Amino acid sequence: MRTLKSKDRSRLIKAAMGQLPCDLTVSNVKYLNMFTGEIYPAEVDVLDGFVVRVREEGVQAPAASKETYDGKGAYLIPGFIDAHMHVESTMMIPENVSRGIVPWGTTTICTDPHEIGNVMGVEGVRFMLENAKKSALRQYVLAPSCVPAVPGRESTGAAFTAKEVGTILDMDDVVGVAEVMDYVGVVTDNERMHSIVEEGLKRDLLIQAHAPFVTGDMLNAYRIGGPLSDHESTCAAEVREKLRAGMYVDLRASSIIDGLAFLVDGCRDHYWKDHVAICTDDVHASDLLTVGHINKVVKKTIAAGIDPRDAIKMATYNAAREYGFDDLGALAPGYIADMQLVRELDGGKPEAVFIEGKLVAENGCYLAGDTLTEAPCLPNTVTIPQLNSTGDFVMRVPEGYTGSTIMVNVMTVSPASPILRMVVPTELPVKDGAVDISGDPSLTFVCCANRYGTGSKTIAVYRDFGLLKGAFASTVSHDSHNLTIVYRDPAEALLAAKTLQSVGGGILVAEGEKETHVALPAAGLMSYKPCAGVAEEINALQKVIDEVSGGRLTVLASAILALPVLPGVVITDMGLVDGTNQSFVPVFAL
């Protein structure tokens, strides 16, 4: 177990015995006991950021506290813990994430900075840790395990071995090894993944899993290999199998993937749900501003049939136990006084939020009073020398090919899942030595270009991406975060590339000579603006995306086109890759 906050036990003992006054009493509340599930009228006394006692109604404290906060009959529950999220996906730097989510009742997040790790290496992770200290939210980091996700199948801005992972694990506020996406490397026991996982195990830290579609003997081998918690189940049966194997399952509802209802089906009828927690994974600023954070997942979990008390326990005590935190996730003597007052147990916005006994949000307003970072502090990470002219976006046929048509492996959504793709060999016209898709409006080109200066790129054809006109471009492209552009007109693709290069990265739609974008100059992933400002820009861009896609696409539509750990075909700067066996698939079906 891991103690998060050092305590002066002598002072706390004296306060418990009435020999010292407490700092704060939260009175007139309906208290939810995380150990018994009981709800009863109570008052909670706090000293030095820790709960000293919980008194049932009518039981007087031996000494009055310095301050009393009237709960006005609301429920008092622990602050929410996000068991797995990527701060970069909010499109905000860590300090601004705090200001965006604390008013929704989240007081702790456990984050995987493998996005910025892929872009900027260890120094990027260090930036996330240091910037997080500027705000009230308790932010813990896990050391990225797969940078790149699949070596030799994509190019990134950095590469982590066991040495880099170990360096990060020894930093303050690092609590585990982040999602081990290379499950093939674990079950084949290759040296890279074995040594990285070992760095976490020898420090007795959590090894986080990433195991979609992994079942049977492969799941058994993967669990034995070290990973303990997983947020990537694709169906109820996977949830059930992982829980039966002793793993933790994090129920997820994100801005990219939300299959919470079928995830709940995998555990709803279980007698014990102690190994079920809750996470957001990827959630952007616009959603944070309007519907919230972990509270939103709690609300959905309740709607899917989980008792509200169980849902809240998943988002507090269970999440803390997943990480081995022994002083977080409940409100009881010796526990950190992270707490929130809610009118109903339904995932709604809290009336007040406390972190370590200090009021940090009230009626939706952030009150911690920290200072906003104003000046950009990270360099431009978008370097694309291979994209200088419209010709660089033309899909040329192989040298020496003279036919009037050519067979192309066209990327197509798999019938197995909307987030997976397969290739379908398709005969397409050839014009002036290049693939011609002008006669088929269902087809687009997709280009994945290395943005770290190597000059590598891949151009392929995609069917039914959803783009009706214009070009869609993004440097938010898990996990390599190379530049991905979906387009029909090379001129619009060039405009998109040059604009994103000039602003340091972001998400953009180009149509004709016009473009609309959200600039993300912090590693091509995050804005320096606060939540409301980022949300406003996202909403404006989404309106344009609706126009060019007929409402079919979102700002994160291309975010997983280049993720080679998915068990389907993706595009990286090195080629088309089948994530199932991590092999290359030829662009042309010759």
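Scroll up for the structure.
So, how was this worked out
Residues numbered from 1 in each chain as written. Predicted model: local features only at pLDDT ≥ 70, side-chain atom pairs only at ≥ 80, totals over all residues. Heavy atoms only, no water. Helix = DSSP H or I, 4+ residues; strand = E, 2+ residues; numbered from the N terminus. Rg over C-alpha atoms; globule rule 2.2 N^0.38 Å. Buried < 20%, exposed > 50% of the residue type's maximum accessible area, 1.4 Å probe, protein only. Contact = heavy atoms within 4.5 Å. Expected span 1.5 Å × (residues − 1). Pairing = 2+ DSSP bridges. Axes fitted to C-alpha atoms, helices over the stretch in contact; angles between N-to-C directions. Core = buried A, V, L, I, M, F, W, Y, C linked by side-chain atoms within 4.5 Å. Salt bridge = Lys/Arg side-chain N within 4 Å of Asp/Glu carboxyl O. Left-handed = near helix turned anticlockwise from the far one by under 90°. Nonpolar A, V, L, I, M, F, W, Y, C, P; charged D, E, K, R; others polar. Polar contact = N/O pair within 3.5 Å; in protein donor to acceptor, adjacent residues only side chain to side chain. 1 Å grid on protein atoms, 1.4 Å probe; cavity = no way out; pocket = protein on both sides within 12 Å on 5 of 7 lines; lining within 4 Å. Points joined across faces, edges and corners; volume = space filled by probe spheres on them.

**Topic: the overall build of the protein chain**
So, point 1. When its secondary structure is counted, the protein chain shows 15 helices and 29 strands.
So, point 2. Taking 2.2 N^0.38 as the reference for a compact globule, 590 residues should give roughly 25 Å; the C-alpha atoms of the protein chain span a radius of gyration of 25 Å, in line with that estimate.
So, point 3. Oriented by its inertia axes, the alpha-carbon framework of the protein chain measures out at about 90 × 50 × 45 Å.
So, point 4. Taken across its 590 residues, the protein chain has 60% of its residues classed as buried.
So, point 5. Across the protein chain, contacts joining residues at least 24 apart in sequence account for 69% of those joining residues at least 6 apart.

**Considering helix 15 (residues 531-549)**
So, point 1. An ideal rise of 1.5 Å per residue puts 27 Å on 19 residues; helix 15 measures up with 26 Å between its terminal C-alpha atoms.
So, point 2. Cys 531, Val 534, Ala 535, Ile 538, Leu 541, Gln 542, Val 544, Ile 545, Val 548 and Ser 549 are the residues of helix 15 that are buried.
So, point 3. Structurally, helix 15 contributes buried residues whose contacts are with helix 2 (94-101), helix 11 (285-290), strand 23 (471-474), strand 25 (506-511) and strand 26 (514-519).
So, point 4. Backbone geometry just after helix 15 places Gly 550 at a positive phi near 65°.

**As for the sheet that holds strand 28 (residues 575-578)**
Within a sheet, each strand pairs with its neighbour through backbone hydrogen bonds, oriented either parallel or antiparallel.
So, point 1. Strand order in this open sheet of 3 strands is 27-28-29, and the pairing throughout is antiparallel. The sheet is open, and its two edges are formed by strand 27 (569-572) and strand 29 (583-585), each paired on a single side. Pairwise comparison of adjacent strand axes, ignoring direction, gives a mean angle of 45° for this sheet.
So, point 2. With 3 bridges connecting them, strand 28 and strand 29 associate as antiparallel partners. Counted as the bridge partner of Asp 578 is Ser 583 from strand 29.

**Let's talk about the nonpolar core**
So, point 1. Counting residues in each nonpolar core, the largest one holds 92 residues, and the members touching the most others are Val 435 and Val 461.
So, point 2. Sort the elements by how many residues they give to this core and helix 15 lands first, with 7 residues.
So, point 3. Excluding residues that lie within four positions of it along the chain, Val 461 makes contacts with Met 395, Val 408, Asn 409, Val 410, Met 411, Leu 428, Val 435, Ile 437, Leu 443, Thr 444 and Phe 445.
So, point 4. The next biggest cluster of nonpolar side chains, apart from the first, holds 38 residues, and it includes Leu 169, Met 171, Met 193 and Val 214.

**Brief notes about the pattern of salt bridges**
So, point 1. In the structure shown here, the tally under the stated rule is 26 salt bridges.
So, point 2. Asp 48 is the partner of Arg 11 in a salt bridge, and the nearest nitrogen-oxygen pair spans 2.8 Å. Here Arg 11, found in helix 1 (residues 9-16), pairs with Asp 48, found in the loop between strand 2 (39-47) and strand 3 (50-56); they are 37 residues apart in sequence, far enough to count as distant.
So, point 3. Using a relative accessible area of 32% as the deciding quantity, one classes Arg 11 as partly exposed.
So, point 4. Classification of Asp 48 as partly exposed rests on a relative accessible area of 30%.
So, point 5. In this structure, Asp 338 and Arg 138 form a salt bridge, with 2.2 Å as the shortest nitrogen-oxygen distance. Of this pair, Asp 338 sits in the loop between helix 13 (308-322) and strand 14 (339-342) while Arg 138 sits in strand 8 (residues 138-143), and the two are 200 residues apart along the sequence. Taken as a pair, Asp 338 and Arg 138 share a single burial class, namely buried.

**With respect to the environment of Leu 142**
So, point 1. Within the fold, Leu 142 resides in strand 8.
So, point 2. A relative accessible area of 0% places Leu 142 in the buried class.
So, point 3. Between the C-alpha atom of Leu 142 and that of Ile 168, which follows or precedes it by 26 residues, the distance is 8.3 Å.

**Comments concerning the packing of helix 12 (residues 294-303) against helix 13**
When two helices pack together, their arrangement is given by the angle between the helix axes and the distance between those axes.
So, point 1. Contact pair helix 12 / helix 13: the axes reach a minimum separation of 9 Å and the direction vectors enclose 145°. Here the hand of the crossing between helix 12 and helix 13 comes out right-handed. Facing helix 12, whose interface residues are Ile 294, Val 298, Thr 301 and Ile 302, helix 13 presents Pro 308, Ala 311, Ile 312, Met 314 and Ala 315.
So, point 2. Of the residues in the contact of helix 12 with helix 13, the class split is 8 nonpolar, 1 polar and no charged.

**A short note on the side chain of Ser 65**
So, point 1. Locating Ser 65 in the fold gives a position in the loop between strand 3 and strand 4 (67-70).
So, point 2. Here the side chain of Ser 65 touches Thr 25 through a polar contact of 2.6 Å, side chain to side chain.
So, point 3. Contacts of Ser 65, omitting those with residues within four sequence positions, involve Cys 22, Asp 23, Leu 24, Thr 25 and Asp 45.

**Let's talk about the layout of surface pockets**
So, point 1. In this model, the largest pocket occupies a volume close to 450 Å³.
So, point 2. Together, 17 residues line the largest pocket, and Pro 418, Ile 419, Arg 421, Leu 553 and Ala 557 are the ones closest to its centre.
So, point 3. Counted by class, the lining of the largest pocket contains 12 nonpolar, 2 polar and 3 charged residues.
So, point 4. Here the second largest pocket defines a volume of roughly 370 Å³.
So, point 5. If you go around the second largest pocket, you meet 18 residues; those closest to its centre are Leu 137, Arg 138, Gln 139, Tyr 140 and Asp 173.
So, point 6. Sorting the residues of the lining of the second largest pocket by element identifies helix 4 (122-132), strand 8 and strand 16 (358-362) as the ones contributing at least two each.
So, point 7. A per-element tally of the lining of the second largest pocket places strand 8 first, with 3 residues.

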